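Listed below are the residues making up each chain.
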Amino acid sequence: MMAGSGSGSPAVAGGLVRHIPVLGGRAVEFLAVRPGGVYIDATFGAGGFARALLAAADCRVIGIDRDQTAIAQGADLVAAAQGRLILVEDRFSNLAAVARACGHDAVDGVVLDVGVSSMQLDEAERGFSFRLDGPLDMRMGGSGPSAADVVAHATERDLAAIIATLGEERHARAVARAIVAHRREAPIRTTRALADIVARVVHARPGAIHPATRTFQALRMFVNEELDELAAALAAAETVLRPRGRLVVIAFHSLEDRLVKQFFAARGRRPAASRHVPEAPHAAPSLRILTGRPITPDDAEIAANPRARSAKLRAAERTEASPHGNAAADLMPRLPALADVISGARR
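The sections below set out a description of the structure shown in this document. (Residues numbered from 1 in each chain as written. Predicted model: local features only at pLDDT ≥ 70, side-chain atom pairs only at ≥ 80, totals over all residues. Heavy atoms only, no water.)

Examining the pattern of salt bridges
At step 1: In the structure shown here, the tally under the stated rule is 13 salt bridges.
At step 2: The partner of Arg34 in a salt bridge is Asp108, and the shortest N-O contact between them spans 2.9 Å. Here the residue Arg34 occupies a position in the loop between helix H1 (24-31) and strand E2 (38-41), and Asp108 occupies one in strand E5 (residues 107-113), the gap between them amounting to 74 residues.
At step 3: Since its relative accessible area comes to 8%, Asp108 is described here as buried.
At step 4: The shortest N-O distance in the salt bridge between Glu226 and Arg220 comes to 2.8 Å.
At step 5: Judged by its relative accessible area of 6%, Glu226 is buried. (Salt bridge = Lys/Arg side-chain N within 4 Å of Asp/Glu carboxyl O. Helix = DSSP H or I, 4+ residues; strand = E, 2+ residues; numbered from the N terminus. Buried < 20%, exposed > 50% of the residue type's maximum accessible area, 1.4 Å probe, protein only.)

Given below as structure tokens:
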């Protein structure tokens, strides 16, 4: 945990100036930041959302990131915030427990900016991008199996399922076959090696995305258990938000956005009544949906940051009703467990 000392005003000037979050202004608007409020930036990254929240009002912010590099690089922003910002190295699925550990049983807002950060993509040694040659790592935190481990140990069937489901790659079986054939001859240890293997079986049209884009996306999401984390984080936010507290989620991938949409829908309406089945007691809606359709970046933001083009923002407000529980996991696609894939238990 990293925290500054003293009291501060809304002006925050220090540290982490290189990141402007996608849809950052709209996210802060939906959070309706107020003086004295407590907000969780559950994906701290390069600090863009935390800085915007601190600048919006004399509030307090808890920043969470599983990437220890992001936490370390946030030290200047912590100092500039003068006691209004606490940084915690943890998974965002634990956001409710983190809030309690920081002395807050309830908070006024949670923002989740889901997926890999630009900072991680631009660092070759992290192994997230096929544009830069580096070790085939892809771990957002510093522990656990890497993408190279998955590529080395997963069965062809599991590789195909992972790439098809999380990458939505139509050629997943061919990619999995090529990976297994190559690893019989030599280990696949670098991003360039994997990208070259994929490019030999997935032929992109001129102007289309790189052939390896979907495979890299799938492996990254699997290694970091991103959908599991998101499902757990949504349920945690539901429990920790006080009535009228706001939840804002920005997703860049269709599977993530679908999960958020379904979670909001499940929490935001009563089940439809049926004249054929006796009416049973149902939980009252725990969320009021604020975005009928997702908010997307305008042309100017996309021109300034092409990575913004796939972003979708959804927002909801907590009601007085009790949380519905942890059923968000029911919305998940079925895939083998990471530990089973690495251990060879599925061979």
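Structure shown, so let's carry the discussion forward.
Structural notes on the nonpolar core
At step 1: Membership of the largest hydrophobic core comes to 72 residues, with the highest contact counts inside it found for Leu95, Val110 and Leu112.
At step 2: Counting residues per element, this core draws most heavily on helix H12 (residues 226-240), which supplies 8 residues.
At step 3: Apart from the residues within four sequence positions on either side, Val110 is in contact with Leu31, Ile40, Leu95, Ala237, Val240, Leu241, Arg246, Leu247 and Val248.
At step 4: Membership of the second largest hydrophobic core comes to 30 residues, among which are Leu31, Phe49, Leu87 and Ala315. (Core = buried A, V, L, I, M, F, W, Y, C linked by side-chain atoms within 4.5 Å. Contact = heavy atoms within 4.5 Å.)

Considering the sheet that holds strand E6 (residues 241-251)
At step 1: The sheet built from 8 strands is open, its strands ordered E1-E4-E3-E2-E5-E6-E8-E7 with mixed pairing. At either end of the open sheet lies a strand with only one pairing partner, and these are strand E1 (2-3) and strand E7 (287-289).
At step 2: When E6 meets strand E8 (residues 312-318), the two strands line up antiparallel, connected through 6 bridges. Bridge assignment links Val248 to a residue of E8, and that residue is Ala315.
At step 3: Where H12 meets the sheet, its contacts fall on E5, E6 and E8, and the angle it forms with E6 comes to roughly 155°. (Pairing = 2+ DSSP bridges. Axes fitted to C-alpha atoms, helices over the stretch in contact; angles between N-to-C directions.)

Notes on the pairing of E8
At step 1: Taking burial as the measure, the 7 residues of E8 include 6 buried ones, the bulk of the element.
At step 2: In terms of strand pairing, E7 meets E8 through 3 bridges, oriented antiparallel. In the strand pairing of E8, Arg288 is matched with Glu317.

Remarks on the packing of helix H9 (residues 172-185) against helix H10 (residues 191-199)
At step 1: The N-to-C vectors of H9 and H10 enclose an angle of 125°; their axes lie 9 Å apart at closest approach. Classed by the angle they form, the pair H9 and H10 counts as oblique. The two elements H9 and H10 cross, and the hand of that crossing is right-handed. Contacts between H9 and H10 pair Val175, Ala178, Ile179 and His182 from the former with Leu194, Ile197 and Val198 from the latter. (Parallel < 35°, antiparallel > 145°, perpendicular 65-115°, else oblique. Left-handed = near helix turned anticlockwise from the far one by under 90°.)

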